[in-house]
Amino acid sequence: MAFFLRRPFAVSSALHQVPKLSNTARFIHNSPFKPAQVSKPLGTQSSIFSKSRQTFQNAFRRNYMQPTYNAQSGNLTQKLIYGAAIVGGTVLATNFIFNRETREDGGMPSYERSFLNETFMHTGLGIGIIGIAARALHSSGWSYRLMSMNPWLVMGVGLVGSIGSMYGTFYTSPDNYVVKYGCWALFNLTQAALLSPLMFYNPAILARAGLYTVGLMGSIAFVGATAKQEKYLYLGGPLLAGVVLVALSGLAPMVLPATAARTLMWSERVWLYGGLAVFGGFTLYDVQKILHHARLAERGYIKRDVVNESVSLELDFINIFVRMVQILAMRNNNRK
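What you see is a predicted model, and the numbers here were worked out from it, not measured in a lab. (Residues numbered from 1 in each chain as written. Predicted model: local features only at pLDDT ≥ 70, side-chain atom pairs only at ≥ 80, totals over all residues. Heavy atoms only, no water.)

### Brief notes about the packing of aromatic side chains
Then, in step 1: Under the criterion given, the structure shown has six aromatic pairs.
Then, in step 2: When the ring of Tyr144 is compared with that of Phe200, the centres are 5.1 Å apart and the planes differ by 75 degrees; the resulting orientation is edge-to-face. Taken together, the positions of Tyr144 in helix α5 (residues 142-147) and Phe200 in the loop between α7 (177-195) and α8 (203-226) put the pair 56 residues apart, joining distant regions of the chain.
Then, in step 3: Taking the relative accessible area as the measure of exposure, Phe200 reaches 12% and is therefore buried.
Then, in step 4: Ring centres of Tyr167 and Tyr171 lie 5.9 Å apart, and the angle between their planes is 15 degrees; this geometry places the pair in the stacked category.
Then, in step 5: On the basis of relative accessible area, Tyr171 is assigned to the exposed category, the value being 68%.
Then, in step 6: Grouped by ring-pair contacts, the aromatic residues Tyr167, Phe170 and Tyr171 constitute a single cluster. (Phe/Tyr/Trp six-rings, centres within 6.5 Å; stacked < 30°, edge-to-face > 60°. Helix = DSSP H or I, 4+ residues; strand = E, 2+ residues; numbered from the N terminus. Buried < 20%, exposed > 50% of the residue type's maximum accessible area, 1.4 Å probe, protein only.)

Okay, here's the thing in structure tokens:
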């Protein structure tokens, strides 16, 4: 059930803001739209791509059409140093605050370490597949066609494809390698198809969001891996309640009128910053759950299945990354 609830906010974050421009809630901070002046070729009709592009420009004026950065706006080396300092400081601060009680068994056993490393490797591979596939789909014009579709239809089909491939991965035995990895690859391709519109963002914003997401998840994962056994497994229930609240705030723009500006503003904040907190907590919970499953697999109670465990971390990464991108884009717009 937790996976079912976590899925909508990750893959539809860039989609539930689309067509139905009068009711688009993610853009309540925008100035009124001005009709774009498009030159019409004589004697010919606009292609589907030009129409989709115009629809996209109107619907995603705040989020995706980001002006390019000025090359002289700052020193690249200095920015990289600041980014590395933020990531390193986050790791140290998170460990100091949340991890006062460390493991009492002399450190992580080799079997758990191997299980966790393989899970991280599959997580990174899955994120890489999603990124490469999303870029390829975007280059082929898929993002424009996706933007012109009905958002409810996209969300419904996306949920069916995501949940179907995800549970196909879960319920396939790890001994059946071909079907197992086939379902896992289908799951990653489904996420890529739904997240490809993120490629409209400035590449610098995507790179920074990726760096911050890796730093945040890395620091939280370090805390979960070095904490006492099963210390944070109790978070499952509270996190499930939090994810329901985030889900409702994410669906608010599709059901509330555009005149409810204050309500929509707060729902956006809950979706962005509350979602960061919830899925950061899910990262901590999932890492400890992975180690718990490693101990069970070592004793023979369950089969060793790192692919299933990697799906959980992929969902956490996608949810955090999408929110990081939107927060950075909003900050970039506020500076102008």
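### Examining a nonpolar patch on the surface
Then, in step 1: Judged by side-chain polarity, Tyr177, Val178, Val179 and Tyr181 come together as a nonpolar surface patch covering roughly 420 Å² of accessible area.
Then, in step 2: As for its placement among the helices and strands, Val178 is situated in helix α7. (Patch = residues over 30% accessible without salt bridge, like charges linked within 9 Å, V, L, I, M, F, W, Y side chains within 5 Å. Areas by Shrake-Rupley, 256 points an atom, 1.4 Å probe, with all protein chains shown as cover. Salt bridge = Lys/Arg side-chain N within 4 Å of Asp/Glu carboxyl O.)

### What about the pattern of salt bridges?
Then, in step 1: Applying the stated criterion to the full structure yields five salt bridges.
Then, in step 2: The residue Glu112 makes a salt bridge to Arg295 at a minimum N-O spacing of 3.5 Å. A residue pair is termed long-range when its members are at least 10 positions apart, and Glu112 in helix α4 (residues 110-139) and Arg295 in helix α10 (residues 261-298) qualify at 183 residues. Neither Glu112 nor Arg295 differs from the other in exposure class; each is buried.
Then, in step 3: For Lys303, the salt bridge goes to Asp175, with nearest N and O atoms at 3.0 Å.

### Focus on the UniProt feature "transmembrane region" (unreviewed entry) in the chain
Then, in step 1: With numbering aligned to this structure, UniProt lists the feature "transmembrane region" (unreviewed entry) at residues 80-99, 119-137, 149-170, 205-225, 232-258 and 270-287.
Then, in step 2: Here residues 119-137 runs as 100% helix and 0% strand, with 27 Å between its end C-alpha atoms. (UniProt positions renumbered as here; feature names shortened; annotations may be inferred.)

### Structural notes on helix α9 (residues 236-255)
Then, in step 1: With 20 residues, α9 extends 29 Å from end C-alpha to end C-alpha; this agrees with the ideal 28 Å at 1.5 Å per step.
Then, in step 2: Of the positions making up α9, those classed as buried are Gly236, Leu239, Gly242, Val243, Val246, Ala247, Ser249, Gly250, Ala252, Pro253 and Met254. (Expected span 1.5 Å × (residues − 1).)

### A word on the packing of α4 against α7
Then, in step 1: Packing of α4 against α7 brings their axes to within 8 Å, and their N-to-C directions diverge by 45 degrees. Between α4 and α7, the angle is such that the two are oblique. As α4 runs across α7, the sense of the crossing is right-handed. Taken together, the residues of α7 that come into contact with α4 (itself represented by His122, Leu125, Gly126, Ile129, Ile130, Ala133, Ala134 and Leu137) are Tyr181, Trp184, Asn188, Leu189, Gln191, Ala192, Ala193 and Leu195.
Then, in step 2: Residue composition of the contact of α4 with α7, by class: 12 nonpolar, four polar and no charged. (Axes fitted to C-alpha atoms, helices over the stretch in contact; angles between N-to-C directions. Parallel < 35°, antiparallel > 145°, perpendicular 65-115°, else oblique. Left-handed = near helix turned anticlockwise from the far one by under 90°. Contact = heavy atoms within 4.5 Å. Nonpolar A, V, L, I, M, F, W, Y, C, P; charged D, E, K, R; others polar.)

### Side note on the packing of α8 against α10
Then, in step 1: Relative to each other, α8 and α10 sit at 40 degrees, their axes nearing to 8 Å. Viewed along their axes, α8 and α10 adopt a mutual orientation that is oblique. Our pair here, α8 against α10, has a crossing hand that is right-handed. Facing α8, whose interface residues are Met217, Ile220, Ala221, Val223, Gly224 and Ala225, α10 presents Gly280, Thr283, Leu284, Val287, Gln288 and Leu291.
Then, in step 2: Of the residues contributing to the contact of α8 with α10, the split by class is eight nonpolar, four polar and no charged.

### As for the environment of His292
Then, in step 1: Its place among the elements puts His292 in helix α10.
Then, in step 2: On a C-alpha basis, the gap between His292 and Glu230 in space is 7.0 Å, while along the polypeptide they are 62 residues apart.
Then, in step 3: If we skip the residues at most four places from it in the chain, His292 touches Glu230 and Leu233.

### Let's talk about the environment of Leu194
Then, in step 1: By the element assignment, Leu194 lies in helix α7.
Then, in step 2: Sequence spacing of Leu194 and Ile130 is 64 residues, and the spatial spacing of their C-alpha atoms is 9.9 Å.

### Quick notes on α7
Then, in step 1: Between its terminal C-alpha atoms α7 stretches 27 Å, which fits the 27 Å expected from 19 residues at 1.5 Å a residue.
Then, in step 2: Among the residues of α7, Lys180, Cys183, Trp184, Phe187, Asn188, Thr190, Gln191, Ala192, Ala193, Leu194 and Leu195 are the ones counted as buried.

### Observations regarding the confidence of the model for the chain
Then, in step 1: With 67% of its residues at a pLDDT of 70 or more, the chain has an overall mean of 75.
Then, in step 2: For the chain, helix α1 (residues 2-11) is the element with the lowest average pLDDT, namely 47, and α7 is the one with the highest, namely 94.
Then, in step 3: Throughout residues 7-46 the model reports pLDDT below 50, and contacts reaching past four residues in sequence, or to other chains, amount to 88 contacts.
Then, in step 4: Of the regions scoring below 50 in pLDDT, residues 59-74 engages in 49 contacts with residues more than four places distant in sequence or in other chains. (pLDDT = per-residue confidence, 0-100.)

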